[in-house]
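A closer look at the structure
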Amino acid sequence: MTLGIIGGTGALDLLEPGETRAIDTTFGPPSSVLTRYRVGETSGWFLARHGQPHVIPPHRVNYRANIDALRQAGVTGIVAINAVGGIDPALPAGALVVPDQLIDYTWGRTQSFSDSADDELMHIEFADPFAGPTRDRLIAAADRAGVPLFPGGCIAVTQGPRLETAAEIRRLAADGNTLVGMTTMPEAALAREAGIDYASLCVVANLAAGISNEPITMEDIARTLSLAMGQVRQVLENFAL
Ligand code: HPA
């Protein structure tokens, strides 16, 4: 298996950088070059979802180009790192979560590789959007590393780039969501279309709007993510290929 890691907010300096590979796609340029990495026994390709430096907002990411570039590099499994807000009060800032479900609230993003009559029409099976060996290995790796990780949950994928209102979070909670982020869709569905096994490793950057009385600040988010990335690295180091 060749593993691809899609790094999100706060996950740029996670890995020792190696050789880089610039890949072009018929969908346009991906967010960044692919960087070869090795952590422990794990090696593969890293892609920075928001660019390097971090400049591309969630609704402007070229998700199709990113997944196609990883496919061209021979990637067969993806660990997507997502900074998220915690809706379930049991998930504190800094918690690592591997969700098993999602609800897509995004709009206006190109959702599929089959986008015109010239493309093969695909109706992928998506009942369990993250089910597969990559997710199982992630959970086993956290266990081996002794890193606490919540193995389940439902991520609401919102359009962003603004954070949600407290009322929107109440509605997302009533819908059954335990986490909220902005980048899991259409990324997860495109990976499924491309035949790439896809798992999301979420890092709770903050409690979602209205869950705590404290205002959400970018400084607090950056501090939480930088602390939690040490644990993400430990999980990846234990991800046996
Ligand atoms: N909402 C949506 N996306 C996020 C959040 C949030 O509170 N925190 C980090 N990504």
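Our structure's up above, just so we're on the same page.
Quick look at the structure, then.

Turning our attention to the side chain of asparagine 206. Inspection of the secondary structure puts asparagine 206 in strand β10 (residues 197-207). Sequence-distant contacts of asparagine 206, defined by excluding residues within four places in its chain, comprise Val84, Gly85, Gly86, Ala93, Ile216 and Ile221.

The next subject is the site of the ligand. Taken together, the residues surrounding the ligand are Ala83, Val84, Gly85, Leu163, Glu164, Val180, Gly181, Met182 and Asn206. Between a nitrogen atom of the ligand and a main-chain N or O atom of glycine 85, the distance comes to 3.4 Å. Within the side chain of glutamate 164, an N or O atom sits 2.7 Å from a nitrogen atom of the ligand. If the ligand stood free it would expose 260 Å²; the protein chains cover 92% of that surface. Those elements that provide at least two residues to the shell around the ligand are β5 (77-86) and β9 (179-181).

Turning our attention to a negative patch on the surface. Residues Asp115, Asp118, Asp119 and Glu120 make up a contiguous surface patch of negative charge. Mapping aspartate 115 onto the fold places it in the loop between β7 (101-104) and α2 (133-145). Here aspartate 115 falls in the partly exposed class, since its relative accessible area comes to 49%.

The next subject is α2. Along its 13 residues, α2 runs 18 Å from first to last C-alpha, staying within 8% of the 18 Å computed at 1.5 Å per residue. Among the residues making up α2, those that are buried are Thr134, Arg135, Leu138, Ala141 and Ala142. Looking straight down α2, one finds its buried side chains confined to an arc of 120°; they lie on one side. Residues of α2 that are exposed and point more than 90 degrees away from the buried face comprise Asp143 and Arg144. Where α2 is buried, its residues touch β1 (3-7), β5, β10 and α5 (218-237). Looking one or two residues beyond α2, the residue adopting positive phi is glycine 146, at roughly 70°.

Parameters at a glance
Every chain is numbered on its own, with residues counted from 1 as its sequence reads. Only residues with pLDDT of at least 70 are given local features in this predicted model, and only at 80 or more are side-chain atom pairs given and counted; all residues enter the totals for whole chains, interfaces and linings. No hydrogens and no water enter the side-chain calculation; it runs on all heavy atoms of the structure. Note on conventions: DSSP H or I runs of at least 4 residues are helices, E runs of at least 2 residues are strands, and numbering of each starts at the N terminus. Whether two residues are in contact is decided by their heavy atoms: any pair within 4.5 Å suffices. Nearness here has a simple test: a residue counts as near a molecule or strand if at least one of its heavy atoms is within 4 Å of that partner. Here a polar contact is taken to be a pair of N or O atoms separated by no more than 3.5 Å, where protein atoms must pair a possible hydrogen donor with a possible acceptor and residues adjacent in sequence count only if both atoms sit in side chains. In short, Shrake-Rupley with a 1.4 Å probe defines the accessible areas, and a residue's cover is counted only from the protein chains shown. Patch membership needs two things, relative accessible area over 30% and no salt bridge, and members are linked within 9 Å if like-charged or within 5 Å if nonpolar (Val, Leu, Ile, Met, Phe, Trp, Tyr). A carboxyl oxygen of Asp or Glu within 4 Å of a side-chain nitrogen of Lys or Arg is what we treat as a salt bridge. Think of it this way: Lys and Arg go in the positive column, Asp and Glu in the negative one, and His and the chain ends go nowhere. Where a charge lies is defined by one atom per residue type, namely NZ (Lys), CZ (Arg), CG (Asp) and CD (Glu). To sort residues, take the accessible area from a 1.4 Å probe on protein chains only and compare it with the maximum for the residue type: under 20% means buried, over 50% means exposed, and anything in between is partly exposed. Given a helix with a known number of residues, its expected span is that number minus one, times 1.5 Å. What the arc measures is the spread of directions leading from the helix axis to the C-beta atoms.

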